[in-house]
Amino acid sequence: MEITYTEAVILYCLKQLKGERTIFSLYHLYQGKKSSQTIQDAHLYHLTPFFQAFPFISREELARQIERMEKKSLLDKKSNEHFILTSTGDLKLGEYFQANTLPPKYLDGWRHHHLTALFWERLSILVQVCSNLVYQKKSFIPIQNKLETLDWVKAFIKKRQEGRMGLSSTLFLELLNCFQRDKTIDPSILVLRLTGQDRIGLTSGQAAELLGMDHTRYQLEFLNILHFLIGTVSDEAVEFPLLNALIPEAEKPVPFTLSTEKTFQLLNRGYTVEQISRIRNLKRSTIEDHIVEIALHIKNFDLAAYVPKDKEKRILEAAKETSAKKLKLIREYAEDASYFEIRLVLARNGDQKWK
Amino acid sequence: MKAKGEKRAVALNSFLSPDQKKQVLRSLHEYKFIFISPEMLGVHSVLERLSEMNISLLAVDEAHCISQWGFDFRPDYLKLGHFRSLLGNPLTLALTATATEEVRADIVKCLGLEKIHEFIYSVDRPEISISVEEAGYQEKQKRVLELAASLQGPGIIYFSSKKMAEQIAAMLRGKGERAMAYHGGLEQENRILIQQQFINGQLNIVCATSAFGMGINKENIRYVIHYHMPLQLESYLQEIGRAGRDGSESIAILLYSAGDEQLSFQLAEGELPDQFQIERLFSSAEEKSISMSEIKQHEELFTGYCGFTETQWRFSADFIESRSKEAFSIIQKKMGNYVTERLQMKKTKIFEMLQYIQHQGCKRSFILNYFGEPSSSRPQKCCSNCQLNNEQYFYKKEPVPAAGPTYYDWKKELASILRQVSETDEKEQIQ
Ligand SMILES: [Zn+2]
Ligand SMILES: [Zn+2]
């Protein structure tokens, strides 16, 4: 009896967990839940590649799969929701490793999860738009329907100077060069999913079927290619200027705490401080802390929405006046400024001037 | 519309983020066509902005949704009357494909229309032959596979259950058909892909739930099969009406097994909360002193506590929210009555559907009669009760060769998508 790819993945992960975590922590890992518990576990048990590897999996599906594996004596139930590998399970996994690599070489969910979906959306719509441009077809139904993505591609094409033929050939050559960097990856896995002017891309299920691949394996291999592309084009921006431009500056990894990152994403989507505090069920002051943290790290983060320009100026003058970062003293000079506003302005303008 | 080249069209719906909404609202006057989804009719900023503008035509699509008699009554549509008066009662065009007399009267009343012209086109589609077949519960599956294998495609097979749609699609693929399932449980990206593949001719059969079809314009659909009976004649007509848009002869086949209506009753009941759930909802809200206006903020609590499905929850929350100024006990009572009434209506609809299935006379006449139309002259291949004794006429004219496994050359493929010359092509040219 051979084990399936799905079984191999689960055996691998459960082996790493050593029965010290429940199967629900596995579920959270696959889903990419951004809780400190899940993130710590991913690092502690060296499972970071699998972070958000199966974002659409359901709790029930995973539980059923594990139950089946228990019945096949691949797993042993240690206690409620804690499972360890049986000797058969361990043996089968060992056999599996002799013929296969797991996890796929470039799979790095923790590093790339927040860019993966975005990168794919942009790449696939860009290819479709380019294809219709070069074949001079005016009307088509976009394969991605998020407004942000469509706005992005419109703006992107407008910004490029090389004309429709030039854009297509740059895109083609960069993809070709990038794919040829590593012969172990099979670009068909991704190309089958692309939509052009006269053909609609395949769904992941269809592509897996056509390649004769187990669906779970296909999903990981697809992520593997995306992570390979994202990694390569961000490390070698000079080689791949076009593909690199699919990854926006603001989306590149930032050294935020998770909670701040979440606030940052909401701010980017236009939510106000009040709305975010309501949505996230956090105190206003907490959200304000996040904003100060963001202002510290992101140089072009616009403060105008939080501090009127003239007030910012007065706060800065007050800071110079007192030549200290003492909030209380500054406040005596700029009476109408809140502590939040003062902290924000100081964060933005760096403390070096006043140190 | 944008796909057809009209750039001055914009959509206002709940998928917009606050930023996008602001941006769209600011530039609203630059557009010629504004598409607005019903739930946006309750958004103050949208109403305010629109009332400042000079709207020359208000078009209401699927207008039957405004009527409580209609089979897919949507409470949001009731706001349209107020919306229209806010716009200064502009010229209004109400469109619906399936409306009985009752529904039409309701549309006029709810929209506050005064001088009206009714343009009634016959619901009859003479190019579609109609067939109802009884099959035992076990035989049905065999029969649908047989039909799909012999009928000239492209075709749609409708199911009431996602699982069944998936199963049959997989079986058809196993037999070499280019078939996929389509239902509300799919990821957004896959939905778009499957729909576009079907339109583009890459798929020959879609095994679908009623989620499929809205807004799809494919002219050459040759057959529509129903594996389960629809919940009402109106949606049946809408679904089979997707066949033969090019005017060529097509066929609609409904497969019925005795007892199928039980599934229909279950589905109808599942769309609304039952009396027990309503009771629990109100008693737990009272216990936790949650006011009626903030009901939507406690989705998880109530869903868990009352065992709501998503549809049940959405209905309950909307119902309560729109009446949150009234007293607690009154809302509860109204909701109870409303649910009883709706359920009764849905059951009536199912019985009518059943009557249609069991009707011994001409099926086409039954449908026309239902929509208050006089029977017209019957087309030659009318229905299964008018000597359409077999569907062979609709069989494939020539067998389609099954696509064998072909070697996939990604370089060539990518080059062709982007209109570039690939190395493989170069080699071929040299040879
Ligand atoms: Zn992240
Ligand atoms: Zn007839």
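The model shown is predicted, which means the values in this text are computed figures rather than measured ones.

Caption draft 1: A look at the overall build of chain B. Check the secondary structure of chain B and you find 16 helices and 10 strands. If you line up chain B on its principal axes, its C-alpha atoms span 80 × 60 × 50 Å. A buried classification covers 48% of the 431 residues belonging to chain B. At a minimum sequence separation of 6, the contacts of chain B that also span at least 24 residues come to 70%. Computed over 51 positive and 56 negative side-chain charges, the inter-centroid distance for chain B is 3 Å.

Caption draft 2: Just the interface of chain A and chain B, in detail. Of the residues lining the interface, 48 residues belong to chain A; the matching set on chain B comes to 34 residues. For the pair chain A and chain B, the summed buried surface comes to about 3,600 Å²; carbon and sulfur atoms form 60% of the total. A salt bridge links B:Glu413 to A:Arg199; the nearest nitrogen and oxygen atoms lie 2.4 Å apart. Here chain A and chain B share 11 residue pairs in polar contact (both at pLDDT 80 or more) between them. For the side of chain A that touches chain B, the element with the highest residue contribution is helix α8 (residues 163–179) of chain A, accounting for eight residues. When the residues that make up the side of chain A that touches chain B are grouped by side-chain class, the tally is 24 nonpolar, 16 polar and eight charged.

Caption draft 3: Representation of the packing of helix α6 (residues 109–134) of chain A against helix α7 (residues 147–159) of chain A in the model. Residue and element names in this part refer to chain A. Running from amino to carboxyl end, α6 crosses α7 at an angle of 55 degrees, the nearest separation of the two axes being 10 Å. Taken together, the axes of α6 and α7 are oblique relative to one another. With respect to the hand of their crossing, α6 and α7 are arranged in right-handed fashion. When α6 is examined against α7, the residues Glu121, Arg122, Ile125, Leu126, Val129 and Leu133 are found in contact with a partner set consisting of Thr149, Leu150, Trp152, Val153, Phe156 and Ile157. Of the residues contributing to the contact of α6 with α7, the split by class is nine nonpolar, one polar and two charged.

Caption draft 4: Molecular detail of the sheet that holds strand β7 (residues 179–182) of chain B. Residues and elements named next belong to chain B. In spatial order, the strands read β5-β10-β9-β6-β8-β7; together these six strands make up an open sheet with parallel pairing. Unpaired on one side and paired on the other, β5 (128–134) and β7 mark the two borders of the sheet. Neighbour to neighbour, the strand axes of the sheet diverge by 15 degrees on average, direction disregarded. As paired elements, β5 and strand β10 (residues 250–256) share seven bridges and run parallel to each other. By the bridge assignment, Ile128 is partnered in β10 with Ser250. Running over the sheet, helix α6 (residues 162–174) touches β6 (155–158), β7 and β8 (205–208) and is turned about 170 degrees from β7.

Caption draft 5: Local environment of the environment of A:Lys138. Inspection of the secondary structure assignment puts A:Lys138 in the loop between α6 and α7. For the pair A:Lys138 and A:Glu174, spaced 36 residues apart in sequence, the C-alpha separation works out to 25 Å.

Caption draft 6: Structural view of the coordination of the zinc ion (ligand 2). Residues and elements named next belong to chain B. For the zinc ion (ligand 2), the protein coordination sphere consists of Cys362 (SG), Cys382 (SG), Cys383 (SG) and Cys386 (SG), at 2.2 to 2.4 Å. Taken together, the four donor atoms coordinating the zinc ion (ligand 2) and their angles of 98 to 120 degrees define a geometry best described as tetrahedral. Note on Cys386: relative accessible area 13%, which makes it buried.

Caption draft 7: Summary view of the confidence of the model for chain B. Considering every residue of chain B, the mean pLDDT works out to 86; 93% of them sit at 70 or more. The ipTM assigned to the predicted complex is 0.79, against a pTM of 0.78.

Caption draft 8: Broad picture of the domain arrangement of chain B. Residue and element names in this part refer to chain B. Taken domain by domain, chain B comprises domain 1 (9–122), domain 2 (125–258 + 406–425) and domain 3 (271–385). On a C-alpha basis, the centroid separation for the pair domain 2 and domain 3 is 28 Å. At the interface, 18 residues of domain 2 touch 19 residues of domain 3. Interface area for domain 2 against domain 3, summed over the two sides, is near 1,800 Å², with a carbon-plus-sulfur share of 69%. Per-residue buried area on domain 2 facing domain 3 is highest for Ile130, Val132 and Leu233; these three make up 36% of the total on that side. Where domain 2 packs against domain 3, one counts two salt bridges. The closest approach of N and O atoms between Glu234 and Lys349, which form a salt bridge, is 3.0 Å. Where domain 2 packs against domain 3, one counts nine residue pairs in polar contact (both at pLDDT 80 or more). In terms of residues, the side of domain 2 that touches domain 3 owes the most to one element, β5, which gives five residues.

Rules behind the numbers
Residues numbered from 1 in each chain as written. Chains lettered and ligands numbered in written order. Predicted model: local features only at pLDDT ≥ 70, side-chain atom pairs only at ≥ 80, totals over all residues. Heavy atoms only, no water. Helix = DSSP H or I, 4+ residues; strand = E, 2+ residues; numbered from the N terminus. Buried < 20%, exposed > 50% of the residue type's maximum accessible area, 1.4 Å probe, protein only. Contact = heavy atoms within 4.5 Å. Lys, Arg positive; Asp, Glu negative; His and termini not counted. Charge placed at Lys NZ, Arg CZ, Asp CG, Glu CD. Buried area = accessible area lost by both parts, 1.4 Å probe. Salt bridge = Lys/Arg side-chain N within 4 Å of Asp/Glu carboxyl O. Polar contact = N/O pair within 3.5 Å; in protein donor to acceptor, adjacent residues only side chain to side chain. Nonpolar A, V, L, I, M, F, W, Y, C, P; charged D, E, K, R; others polar. Axes fitted to C-alpha atoms, helices over the stretch in contact; angles between N-to-C directions. Parallel < 35°, antiparallel > 145°, perpendicular 65-115°, else oblique. Left-handed = near helix turned anticlockwise from the far one by under 90°. Pairing = 2+ DSSP bridges. Donors = N, O, S within 2.8 Å, 3.2 Å for Na, K, Ca; no water. Tetrahedral: all angles 85-135°; square planar, octahedral: opposite > 155°, others 65-115°. pLDDT = per-residue confidence, 0-100. Domains from an automatic or database assignment.

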